[in-house]
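Close look at the chain arrangement
Each chain, written out:
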Amino acid sequence: MTKATPSAILNTSLPACFRQIRLELAREPGHPEGEANIAYVIVAPLDSDDRIDAEIWKKHREACRVARQRPHQPDSLGHLVHRPGGSWAFQYDSSTKLPDEAGYHFADERFVQGEYVSLREEGDMHTFRVVSVSRL
C-alpha cells in the first residue's frame with residue numbers, strides 16, 4: 001500500500017491576504033536576548049486588521065501551515081487549526097510526535113512586525129516576537 005502525499009499548493013492559487021509570518025522567541029529566563037533559532041514560520045490569511053482571518057482559513061485549511069524550528073533539529077511541520085470556541089493552535093503531523101501547541105488569544109492578536117504573541121508549548125507559556133510578515 002502506498003502512502004498518499006499531500007498535493008502541492010500553489011501560492012498563486014491563494015487569496016492575496018495570505019502571509020508568511022515569522023515568530024522568534026522573545027527575551028525570557030535562559031534567553032536574555034531572545035533566540036532567533038527558536039522560531040515558527042506560519043502561513044495564514046490575515047484580515048485588514050492583521051488578525052488571522054477565520055473565514056478565509058475555513059476555505060483554505062490545507063494551505064494554513066506551520067514550521068516549528070529548533071536548533072540542531074529538523075523542522076516540525078504541521079497546520080494552523082481553529083478549535084471549538086475560537087482558539088487557534090498548531091497541530092503537527094503525526095510523524096513528529098509533538099502535542100498541539102496553543103496560541104494564547106491568537107484570535108485577538110495582530111500579526112505585525114514588532115508585536116508579541118504567546119504560545120503554550122508542552123504546558124509552558126512562551127512569548128514570541130513577530131519579526132517578519134511578508135506576502136507569499
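Treat the numbers as computed from the prediction; the structure is a model and nothing was measured.

1. A few points about the overall build of the chain
Secondary structure summary: the chain contains one helix and eight strands in total. Going from N to C terminus, the chain has its helices and strands arranged as β-β-α-β-β-β-β-β-β. Here the chain holds 136 residues, and the buried ones make up 40% of them. When the accessible surface of the chain is totalled, it reaches about 8,300 Å², and 49% of it is carbon and sulfur.

2. Examining the confidence of the model for the chain
Here the chain averages 89 in pLDDT, and 89% of its residues register 70 or above. Low pLDDT, under 50, characterises residues 1–5; the predicted model gives this stretch zero contacts beyond four residues in sequence or across chains.

3. Quick look at the pattern of salt bridges
Two side chains that carry opposite charge are able to pair once their charged atoms sit near each other. Across all of its chains, the model carries seven salt bridges by this definition. Between Arg83 and Asp100 there is a salt bridge, with the nearest N and O atoms lying 3.4 Å from each other. Here the residue Arg83 occupies a position in the loop between strand 4 (76–82) and strand 5 (88–92), and Asp100 occupies one in the loop between strand 5 and strand 6 (101–104), the gap between them amounting to 17 residues. Residue class for Asp100 comes out partly exposed when judged on its relative accessible area of 32%.

4. A short note on the pairing of strand 6
It is a general feature of regular strands that their side chains alternate between the two faces of the sheet. Residue alternation in strand 6 divides its side chains into a buried set, Glu101 and Gly103, and an unburied set, Ala102 and Tyr104. With two bridges connecting them, strand 5 and strand 6 associate as antiparallel partners. From the neighbouring strand, Ala89 faces strand 6, where its bridge partner is Ala102. With three bridges joining them, strand 6 and strand 7 (residues 116–121) adopt antiparallel strand pairing. Bridging across to strand 7, Ala102 finds its partner in Arg120.

About the thresholds
- Residues numbered from 1 in each chain as written.
- Predicted model: local features only at pLDDT ≥ 70, side-chain atom pairs only at ≥ 80, totals over all residues.
- Heavy atoms only, no water.
- Helix = DSSP H or I, 4+ residues; strand = E, 2+ residues; numbered from the N terminus.
- Buried < 20%, exposed > 50% of the residue type's maximum accessible area, 1.4 Å probe, protein only.
- Areas by Shrake-Rupley, 256 points an atom, 1.4 Å probe, with all protein chains shown as cover.
- pLDDT = per-residue confidence, 0-100.
- Contact = heavy atoms within 4.5 Å.
- Salt bridge = Lys/Arg side-chain N within 4 Å of Asp/Glu carboxyl O.
- Pairing = 2+ DSSP bridges.

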